[in-house]
Amino acid sequence: MEFTWHRIAHWGALAAALASPFAAQAWEPTKTVEFIVPAGTGGGADQMARFIQGTIAKHRLMKQPMVVVNKGGGAGAEGFLDVKESKGDAHKLIITLSNLFTTPLATHTPFNWRDMTPLEMEALDEFVLWVHADTPYKSAKEYIEAVKKAPGKFKMGGTGSKQEDQIITASIEQLTGAKFTYISYRGGGEVAVQLVGKHVDSTVNNPIEAVAQWRADKLRALCVFDGKRMPYKAKVTKTLAWGDIPTCKESGLDIEYLMLRGLFMPGGVTQDQVAYYLDLLKKVRETPDWKTFMETGAFNTTVMSAKEYETWVAREEARHVELMKKAGFLAGK
């Protein structure tokens, strides 16, 4: 009898193991996860990181806490180098924007996106040409014509130097012959405040960085730098939805530029660790909160992971080399 019960116990344990073959291998965080933002507070990357962190906490999607840490020094180099030096640390994530490409190209920072593990694209962020609501300009065409008549007089405010906002500004200048005085600020939130205060004449802020001021009728949206209008039809201001903003191409300004809102992990992490975060992010996107966030910020809701994401990033890197070379923003040899 003793032998029989021993055998039953043995086969019972084996059956349990076979029923859940991945239980022993499943990984999950064992301490606080640090979510790095390689930019200042208030900008689009910061807002998305804090939204993801808040949604995870609200719905209790992770046992361990997650903290958002801004490391925007050196146009994001501080954050990128931190992750590069944290090889194998699966308790660290970073949200990326175009400085993933522009910072190493403009500054010779010893960093490349291949030093990290691509996790997932969560969305693409739009860029909108904004002016103050008190100005007479009703279209991008009217505004650019005014800028062309007064070279250097009009100030374009943007986040960082030789980053995405200045790349778009340079593209406008190259295409139209207009000449701006570009003024750099620490983040998109500050840029919007400067435009409301009339310290600059225009910006190319992301929708989420200027939506509060647009809703309050302080700013006017002239055009969006995308190939098609945004799909959102709900009114944001008293009279306008994101979808009512014309493309810049409709105003003769044939420029398209969308920005990555994607996540990376340090290099040297395991597939189990990557799988854990992909599942976590899927749960975030399945919440009603995410849908609201996407619409509020007028995001392009493209999601990519695995090889598709890696291929997209490599293609964007090559495109940014050309954009920055054309603008004269590449660091000297």
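The following refers to the structure shown. (Residues numbered from 1 in each chain as written. Predicted model: local features only at pLDDT ≥ 70, side-chain atom pairs only at ≥ 80, totals over all residues. Heavy atoms only, no water.)

1. So, the overall build of the chain
Basically, it comes down to this: In DSSP terms, a helix is any run of H or I states spanning at least four residues, a strand is any run of E spanning at least two, and both are numbered starting from the N terminus. Relative accessibility decides the category of a residue: with a 1.4 Å probe and only protein chains considered, values under 20% of the type maximum give buried, values over 50% give exposed, and everything between is partly exposed. Contacts between residues were defined by any pair of non-hydrogen atoms, one from each residue, lying within 4.5 Å. Residue burial considers only the protein chains on display, and all accessible areas are found by Shrake-Rupley using a 1.4 Å probe.
Of regular secondary structure, the chain possesses 11 helices and 11 strands. Considered along the principal axes of its C-alpha atoms, the chain spans approximately 100 × 50 × 30 Å. Here the chain holds 333 residues, and the buried ones make up 52% of them. When contacts within the chain are restricted to residue pairs at least 6 apart in sequence, long-range pairs at least 24 apart make up 79% of them. For the chain, the computed accessible surface area is about 15500 Å², with 55% contributed by carbon and sulfur atoms.

2. Topic: the packing of aromatic side chains
Cut-off, in case you're wondering: We call Phe, Tyr and Trp rings a pair once their centres come within 6.5 Å, taking the six-membered ring for Trp, and we label the pair stacked below 30 degrees between planes, edge-to-face above 60, and tilted otherwise.
Inspection of every chain in the model, using the stated rule, returns 17 aromatic pairs. Between Trp130 and Trp242, the aromatic rings sit 6.3 Å apart at their centres with planes inclined by 85°, giving edge-to-face as the arrangement. With Trp130 in strand β5 (residues 128-132) and Trp242 in the loop between β9 (219-224) and β10 (259-266), this pair connects stretches of sequence that are 112 residues apart. Like Trp242, Trp130 is buried. Residues Tyr137 and Tyr143 carry aromatic rings whose centres are separated by 5.2 Å and whose planes lie at 65° to one another, so their mutual orientation is edge-to-face. Residue Tyr137 shares its accessibility class with Tyr143, and that shared class is buried. Put simply, the rings of Phe51, Trp290, Phe293 and Phe299 touch in pairs and so form one group of aromatic residues.

3. Some remarks on helix α3 (residues 77-84)
What sets the pattern is the α-helix's 3.6 residues per turn: residues three or four places apart point alike. Buried residues of α3: Ala77, Gly79, Phe80, Asp82 and Val83, and no others. Here the buried face of α3 lies against β1 (33-37), β3 (92-96), α4 (99-107), β4 (116-125) and β10.

4. Digging into the sheet that holds β5
Rule in force here: Strands are labelled as partners when DSSP assigns at least two bridges between them. Between the N-to-C directions of two axes lies an angle of 0 to 180 degrees, each axis being a line fitted to C-alpha atoms and, for a helix, fitted only over the stretch in contact.
Read from one edge to the other, the open sheet built from five strands follows the order β7-β6-β8-β5-β9, with strand pairing classed as mixed. The sheet terminates laterally at β7 (181-185) and β9, the two strands that pair on one side only. The sheet contact formed by β5 and strand β8 (residues 202-203) spans two bridges and is antiparallel. Paired with Val131 across the bridge in β8 is Ser202. In the packing of helix α6 (residues 164-176) onto the sheet, the strands contacted are β6 (155-159) and β7, and the crossing angle to β6 comes to about 145°.

5. Re the environment of Leu100
Counting through the fold element by element, Leu100 comes out in helix α4. Taking the relative accessible area as the measure of exposure, Leu100 reaches 1% and is therefore buried. Sequence separation between Leu100 and Asn112 is 12 residues; the distance between their C-alpha atoms is 7.6 Å. Apart from residues lying up to four places away in sequence, Leu100 is in contact with Phe80, Phe111, Trp113, Met116, Leu260, Phe264 and Val313.

6. Section: the nonpolar core
Here is the rule: Put simply, a nonpolar core is a bunch of buried Ala, Val, Leu, Ile, Met, Phe, Trp, Tyr and Cys residues held in one set by side-chain atoms that sit within 4.5 Å of each other.
Core analysis: the biggest nonpolar cluster contains 83 residues, and Tyr143, Phe225 and Trp242 have the highest contact counts within it. Ignoring anything within four residues of it in the chain, the contact list for Phe225 reads Phe127, Val128, Leu129, Ile168, Ile172, Val204, Cys248, Leu253, Ile255, Glu256, Tyr257 and Leu258. Core analysis: the next-biggest nonpolar cluster, separate from the first, contains 18 residues, Phe111, Phe264, Met304 and Tyr309 among them.

7. Things to note about the packing of α4 against helix α11 (residues 306-327)
The condition that has to hold: Should an angle fall under 35 degrees it is taken as roughly parallel, and over 145 as roughly antiparallel, whereas 65 to 115 is taken as roughly perpendicular and any remaining angle as oblique. Crossing handedness is read from the near helix: turned anticlockwise from the far helix by less than a right angle, it gives a left-handed crossing, and turned clockwise, a right-handed one. Nonpolar residues are Ala, Val, Leu, Ile, Met, Phe, Trp, Tyr, Cys and Pro. Charged residues are Asp, Glu, Lys and Arg, and all others, Gly as well, are polar.
Between α4 and α11, the least distance of the axes is 9 Å, while the angle of their chain directions is 45°. Taken together, the axes of α4 and α11 are oblique relative to one another. When you trace α4 past α11, the crossing you get is right-handed. Residue-level contacts link Leu100, Phe101, Thr102, Leu105 and Ala106 of α4 to Val313, Glu316, Glu317, His320, Val321 and Met324 of α11. In the contact of α4 with α11, the residues fall into seven nonpolar, two polar and two charged.

8. Considerations on empty space enclosed by the protein
Convention followed: Every definition here rests on a 1 Å grid over the protein atoms only: cavities are sets of points where a 1.4 Å probe fits but cannot get out, pockets are open sets enclosed by protein on both sides within 12 Å along at least five of seven lines, and lining residues have some atom within 4 Å of a point. Grid points are joined across faces, edges and corners, and a volume is the space filled by probe spheres set on the points.
For the coordinates displayed, the defined rule picks out one cavity of 30 Å³ or more. Each pocket or cavity is described by its volume, and for the largest cavity that value is around 100 Å³. Looking at the lining of the largest cavity, the elements that each hand over two or more residues are α2 (44-58), α6 and β10. It is α2 that provides the largest number of residues to the lining of the largest cavity, a total of three residues.

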